[in-house]
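Geometric and topological summary
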Amino acid sequence: MAERAALEELVRLQGERVRGLKQQKASAEQIEEEVAKLLKLKAQLGPDEGKQKFVLKTPKGTRDYSPRQMAIREKVFDVIISCFKRHGAEVIDTPVFELKETLTGKYGEDSKLIYDLKDQGGELLSLRYDLTVPFARYLAMNKLTNIKRYHIAKVYRRDNPAMTRGRYREFYQCDFDIAGQFDPMIPDAECLKIMCEILSSLQIGDFLVKVNDRRILDGMFAICGVPDSKFRTICSSVDKLDKVSWEEVKNEMVGEKGLTPEVADHIGDYVQQHGGVSLVEQLLQDPKLSQNKQALEGLEDLKLLFEYLTLFGIADKISFDLSLARGLDYYTGVIYEAVLLQTPVQPGEEPLGVGSVAAGGRYDGLALEEKVRTTETQVLVASAQKRLLEERLKLVSELWDAGIKAELLYKKNPKLLNQLQYCEEAGIPLVAIIGEQELKDGVIKLRSVASREEVDVRREDLVEEIKRRTSPALCIC
Amino acid sequence: MAIREKVFDVIISCFKRHGAEVIDTPVFELKETLTGKYGEDSKLIYDLKDQGGELLSLRYDLTVPFARYLAMNKLTNIKRYHIAKVYRRDNPAMTRGRYREFYQCDFDIAGQFDPMIPDAECLKIMCEILSSLQIGDFLVKVNDRRILDGMFAICGVPDSKFRTICSSVDKLDKVSWEEVKNEMVGEKGLTPEVADHIGDYVQQHGGVSLVEQLLQDPKLSQNKQALEGLEDLKLLFEYLTLFGIADKISFDLSLARGLDYYTGVIYEAVLLQTPVQPGEEPLGVGSVAAGGRYDGLVGMFDPKGRKVPCVGLSIGVERIFSIVEQRLEALEEKVRTTETQVLVASAQKRLLEERLKLVSELWDAGIKAELLYKKNPKLLNQLQYCEEAGIPLVAIIGEQELKDGVIKLRSVASREEVDVRREDLVEEIKRRTSPALCIC
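If you're wondering where the values come from, they're calculated on a predicted model, not measured in any experiment. (Residues numbered from 1 in each chain as written. Chains lettered and ligands numbered in written order. Predicted model: local features only at pLDDT ≥ 70, side-chain atom pairs only at ≥ 80, totals over all residues. Heavy atoms only, no water.)

1. Concerning the nonpolar core
The condition is simple: What makes a nonpolar core is a set of buried Ala, Val, Leu, Ile, Met, Phe, Trp, Tyr and Cys residues whose side-chain atoms join them at distances within 4.5 Å. Exposed residues in this analysis have more than 50% of their type's maximum accessible area, buried residues have under 20%, and partly exposed residues fall in between, with area computed by a 1.4 Å probe over protein chains only. Secondary structure is summarised from DSSP: a helix means a run of H or I of at least four residues, a strand means a run of E of at least two, and numbering begins at the N terminus for each.
B:Val140, B:Phe152, B:Ile198, B:Phe251 and B:Tyr267 are the most contacted members of the largest nonpolar core, which totals 105 residues. Sort the elements by how many residues they give to this core and helix H4 (residues 117-133) of chain B lands first, with nine residues.

2. Comments concerning the UniProt feature "binding site: L-histidine" (unreviewed entry) in chain A
Residues and elements named next belong to chain A. As a reminder of what qualifies: UniProt positions are given in the numbering used here, feature names are shortened, and annotations may be inferred rather than shown by experiment. Should any heavy atoms of two residues lie within 4.5 Å, those residues are considered in contact. Contacts described as polar in this section are N or O atom pairs within 3.5 Å, which, within protein, must combine one atom able to donate a hydrogen with one able to accept it, while residues neighboring in sequence count only if both atoms come from side chains.
The UniProt record annotates "binding site: L-histidine" (unreviewed entry) at Asp130, Leu131, Thr132, Arg157, Gln173, Asp177, Arg326, Tyr330 and Tyr331. Note on placement: Asp130 falls in the loop between strand S3 (125-127) and helix H5 (132-141). The class for Asp130 is buried, based on a relative accessible area of 4%. With near-sequence residues (within four places) excluded, Asp130 lies in contact with Tyr107, Val155, Arg157, Gln173 and Tyr330. A polar contact of 3.3 Å, which involves the side chain of Asp130, links it to the backbone nitrogen of Thr132. Taking the relative accessible area as the measure of exposure, Gln173 reaches 17% and is therefore buried. Once you skip the residues sitting within four places of it in the chain, Gln173 turns out to touch Asp130, Leu131, His151, Ile152, Ala153, Val155 and Arg157. Within the structure, the side chain of Gln173 is placed 3.5 Å from the backbone nitrogen of Leu131, a separation counted as a polar contact.

3. Here we look at the UniProt feature "binding site: L-histidine" (unreviewed entry) in chain B
All names here are of chain B. The positions UniProt marks with the feature "binding site: L-histidine" (unreviewed entry) are Asp61, Leu62, Thr63, Arg88, Gln104, Asp108, Arg257, Tyr261 and Tyr262. Examined against the element boundaries, Leu62 turns out to sit in the loop between strand S3 (56-58) and helix H3 (63-72). In this structure, Tyr261 sits in the loop between strand S8 (249-252) and strand S9 (265-273). Each residue touching Tyr261, except ones within four places of it in the same chain, is listed here: Lys37, Asp61, Thr63, Arg293, Tyr294 and Leu297. Among the polar contacts listed, one links the side chain of Tyr261 to the side chain of Asp61, at a separation of 3.3 Å.

4. Focus on the sheet that holds strand S14 (residues 393-397) of chain B
The strands that make up a sheet pair up through hydrogen bonds in the backbone, lying either parallel or antiparallel. Residues and elements named next belong to chain B. Formally: Whether two strands pair depends on DSSP finding at least two bridges between them. The convention used is that axes are lines fitted to C-alpha atoms, helices contributing only their stretch in contact, and that angles between N-to-C directions extend from 0 to 180 degrees.
The five strands lie next to each other as S13-S12-S14-S15-S16, forming an open sheet whose pairing is mixed. On the outer flanks of this sheet lie strand S13 (369-370) and strand S16 (417-421), each paired with one strand and no other. Inspection of the sheet shows strand S12 (residues 342-346) paired to S14 by five bridges, in the parallel sense. Considered in S14, the bridge of Ser346 is made with Ile397. Of the strands in this sheet, S12, S13, S14 and strand S15 (406-411) touch helix H13 (residues 379-389), which is tilted by about 170° from S12. This element, helix H15 (residues 425-433), spans S12, S14, S15 and S16 of the sheet and lies at about 10° to S15.

5. Notes on the interface of chain B and chain A
What counts is decided by this rule: Note on terms: buried area is the combined drop in 1.4 Å-probe accessible area of two parts once they are placed together, counting the loss on both. Take a side-chain nitrogen of Lys or Arg and a carboxyl oxygen of Asp or Glu: if they are within 4 Å of each other, that pair is a salt bridge.
On the side of chain A, 67 residues touch chain B, which itself brings 65 residues to the contact. Buried area between chain B and chain A, both sides added, is near 6,000 Å², and the carbon and sulfur share of it is 56%. Broken down residue by residue, the surface that chain B buries against chain A is led by B:Gln51, B:Trp363 and B:Tyr373, which jointly contribute 15%. Joining chain B to chain A, the criterion identifies 16 salt bridges. A:Lys118 is paired through a salt bridge with B:Asp47; the nearest N and O atoms lie 3.8 Å apart.

6. So, empty space enclosed by the protein
All names here are of chain A. Stated formally: Cavity and pocket criteria rest on a 1 Å grid covering protein atoms alone: a 1.4 Å probe that fits but cannot get out defines a cavity, protein on both sides within 12 Å along at least 5 of 7 lines defines an open pocket, and an atom within 4 Å of a point defines a lining residue. Grid points are joined across faces, edges and corners, and a volume is the space filled by probe spheres set on the points. Throughout this entry, Asp, Glu, Lys and Arg are counted as charged residues, while Ala, Val, Leu, Ile, Met, Phe, Trp, Tyr, Cys and Pro are counted as nonpolar. The remaining residues, Gly among them, count as polar.
If you walk through the whole model with that rule in mind, you get two cavities of 30 Å³ or more. Grouping the amino acids of the lining of the largest cavity by side-chain chemistry returns three nonpolar, one polar and four charged. For the second largest cavity, the calculated volume is near 30 Å³. In terms of lining, the second largest cavity is formed by Lys210, Asp239, Asp242, Ser323, Leu324 and Glu337.

7. Overview of the packing of helix H3 (residues 67-86) of chain A against helix H6 (residues 186-202) of chain A
Residue and element names in this part refer to chain A. Operational definition: For classification purposes, angles smaller than 35 degrees are called roughly parallel, those larger than 145 roughly antiparallel, those between 65 and 115 roughly perpendicular, and all remaining angles oblique. Left-handed is the label given to a crossing in which the near helix is rotated counterclockwise from the far helix by less than a right angle, and right-handed is the label when the rotation is clockwise.
Contact geometry for H3 and H6: axes closest at 10 Å, N-to-C directions at 150°. Between H3 and H6, the interaxial angle falls into the category roughly antiparallel. The hand of the H3/H6 crossing is right-handed. Mapping the contact onto sequence places Val76, Val79, Ile80, Cys83, Phe84 and Arg86 in H3 and Ile194, Glu197, Ile198, Ser201 and Leu202 in H6. Residues that form the contact of H3 with H6 fall into these classes: eight nonpolar, one polar and two charged.

8. Some words on the pattern of salt bridges
Under the definition given, this model contains 69 salt bridges over all chains. For A:Lys445, the salt bridge goes to A:Asp456, with nearest N and O atoms at 3.3 Å. Residue A:Lys445 is located in strand S14 (residues 443-448), and its partner A:Asp456 is located in strand S15 (residues 454-458); the two are separated by eleven residues in the primary sequence. Given the relative accessible area of 44%, A:Asp456 is considered partly exposed. Residues joined by salt bridges that share partners form a network here, namely A:Arg73, A:Lys154, A:Glu170 and B:Asp24.

9. What about helix H12 (residues 352-364) of chain B?
Residue and element names in this part refer to chain B. What counts, and what does not: A helix is expected to reach a length of 1.5 Å times the quantity of its residues less one.
Given a rise of 1.5 Å per residue, 13 residues ought to cover 18 Å, and the 18 Å separating the end C-alpha atoms of H12 matches this to within 8%. Taken together, the buried positions of H12 are Leu352, Arg355, Leu356, Leu358, Val359, Ser360, Leu362 and Trp363. Note on H12: the residue one or two positions beyond its end, Gly366, has a positive phi of about 85°.

10. Some points on a positive patch on the surface
For the record, the criterion: Residues form patches when they are more than 30% accessible in relative terms and have no salt bridge. Like charges link within 9 Å. Nonpolar side chains (Val, Leu, Ile, Met, Phe, Trp, Tyr) link within 5 Å. Note on areas: Shrake-Rupley with a 1.4 Å probe; residue coverage comes only from the protein chains shown. In this charge count, Lys and Arg are treated as positive and Asp and Glu as negative; neither His nor the chain ends contribute. Charge placement uses NZ in Lys and CZ in Arg. For Asp and Glu, CG and CD serve respectively.
A surface patch of positive charge is lined by A:Lys386, A:Arg387, A:Lys411 and A:Lys415. As for its position among the elements, A:Lys411 is in the loop between strand S12 (406-407) and helix H14 (416-426).

11. Some details on H14(A)
Residues and elements named next belong to chain A. This is how it is decided: The reported arc concerns the directions from the helix axis to the C-beta atoms and nothing else.
Listing the buried residues of H14 in full gives Gln419, Leu420 and Cys423. Take H14 and look down its axis: the buried residues cluster within an arc of 100°, on one side only. Opposite the packed face of H14, turned more than 90 degrees from it, sit the exposed residues Glu424 and Glu425. Buried positions along H14 lie against strand S11 (379-383), helix H13 (389-401), strand S13 (430-434) and S14. Looking at the residues trailing H14, positive phi occurs at Gly427, about 75°.

Put into structure tokens, the structure is as follows:
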């Protein structure tokens, strides 16, 4: 018995050693070595034989929800879900675990926080870390190009509670996403409208939504002289401006991250600014910033966004804040974060944001695997009316002769809807529609299957236009 | 997902109607919490990798976490439901179509109460739910662990073989008595006489009259355990009659459900297939709900071994989802995936601003509305979108109408259009899409 107690003590001490090393961010090899020692010691303790100790608890970082907590949770979810439904979102659900390979390489440094399942002779699995990567996997697997969906479910992160006080390892995420190619900034504006509707309905106090754009950040750093390689790390310094003073942030950028004081000051001139659409217009006049192509794109999009937000009646809740530089790598455009406001201590003082309650942004590059198509057809030659088979045969033949991958339905008089449906199922991006009027005018109607936009193209320009639109670099179908 | 939501709504409103609270627990438990609770099935538990911290396993059911929750919070009574996913490393080759991640829908009453009243309420809840779901006729088989154990004892089954003979007997709902007898004699080592003796009992099923008949059985009534079980079943049937569900209940001696932790009454609901020939008994086609009494489980978690008696049920929702899905497909009923009441559309170009303003007004008034993310969408595309998504109304903005202060409200189904004053639009949409009326 004493032996066992001694062994248990050794296990406890070794466990603390491992935790200490992790806290000190010791080298991976060192940690692995000590973990291996720990596992060996545990193995010596032998298999658990029934009731030796009563450890009545939930796993570290998790908790039960009592009926009272559930009642609160239900009320909050009701408000959120009814808002999502009001905006026409569908709901999906995914498994709690994914194939390990699905999650690998998507979270950068945070990957070490993923819970793995034991290898029990089958597939290697991991618990989901967020709902965004499973969403991307769902889209790719079901070959979907557009959907408006919400997903409310728990996610799992092996955070170390000592370092991140009070942070749970199992917690709810409540995601709303719009996937698809649409006219610019309308879906982005709807996301912000939803965020404001929810936070208002929950009646948890006044709030503010900060908005920025990845392209503006990147352009701003470029013109300030930040080397490309330091973009992400400077981003995370700048992001701290909501919690610490500019002096501290500047010290970190100069002292720890190797920027010159001049470059840091230059950044400071920009990132301490925040305001409404007038700030956007002011920066559009900024001689240096407006010369940067990326920043210009971002600013133009923000200007359009503010127009829509005004029509949605929420512009007064939105602040264009150049210091917003949120964590995740995969944002490509607009980014936003909602904070609750504390009542100011002194009149005239600005309200203090006390922590983020919602956030998001645009992420156009998170395609998992390419849409798995089984053909490479670029265009379907279709007809809008009857008795146009001859014309279809002539046109498809021209396209083949020009090296274009084209198809047609083997029907004399196919319905337009069926031809469009065929394209959707097969993943064909374009339709060249022949119609009687268009024939007289010498044009072909070229339709994008994804966006449903149609444009009349002169017959002699058709091949070029198809090539341009389906070129891999561009792919603006 | 829409089907799932409807099914859960029915189930949850029944639980709430019976005064149950709801709880939730983490998806994984300490490995030691689950160890030793599932017998042979333990090999089906998903373990998490040892990453230097606590050893964890994904929950296998909701009953053991419930017992852990009671012991941890030192609760002596609670009526709770819990709907969540559980995880089992079933081998799909052996158990065709069985999922490894699936929903369980549990209701349990914990506490020391007067006998059989909570047990009767569980059966009442089961019947209410299965009736409301309208998935066809069903039957609830009832038995008692003590009757089974007593019956095996008097038939001469050795103690050590109780569980394994239980699982043979349980197959009687799927295979013939000959097959079951062969298994018991050929594989499990019973003598043919003992097997026959078992057969005399387990092929019987009926109502409360069977209970009374067995109470007169000379051998069975001598066995203390069996007697307790029979007396409790008699009381149960009295309560079930008062609850108006006795005609749905069948006392079936072949019901010998899997799990080790049942200590008293056990029950299983099966859907009935319409009989092939009149006069033939309906054929059960698979269990859709089950449960029973388990008085010893919480005591296993309590350091002082304090017992908290429990009785409960579990609804097999995954099976129910497939049945409902099949039913809807057969009726060719379209399942909408959103609840959008109206699409805000424009008939001409350059009306995006007006659409954004109108849709925002509708959202602010609580109306479920959408618009296409296009600056100048074609009216046809907008109407097509409504047809595909099942949206019943379109609010069409046009230049002339704007001048006249009206919106054209169009019914997608009937294609009828009527001009509505802007200030009356919200009311009109509500009126037309109210669930009771729904004259879209």
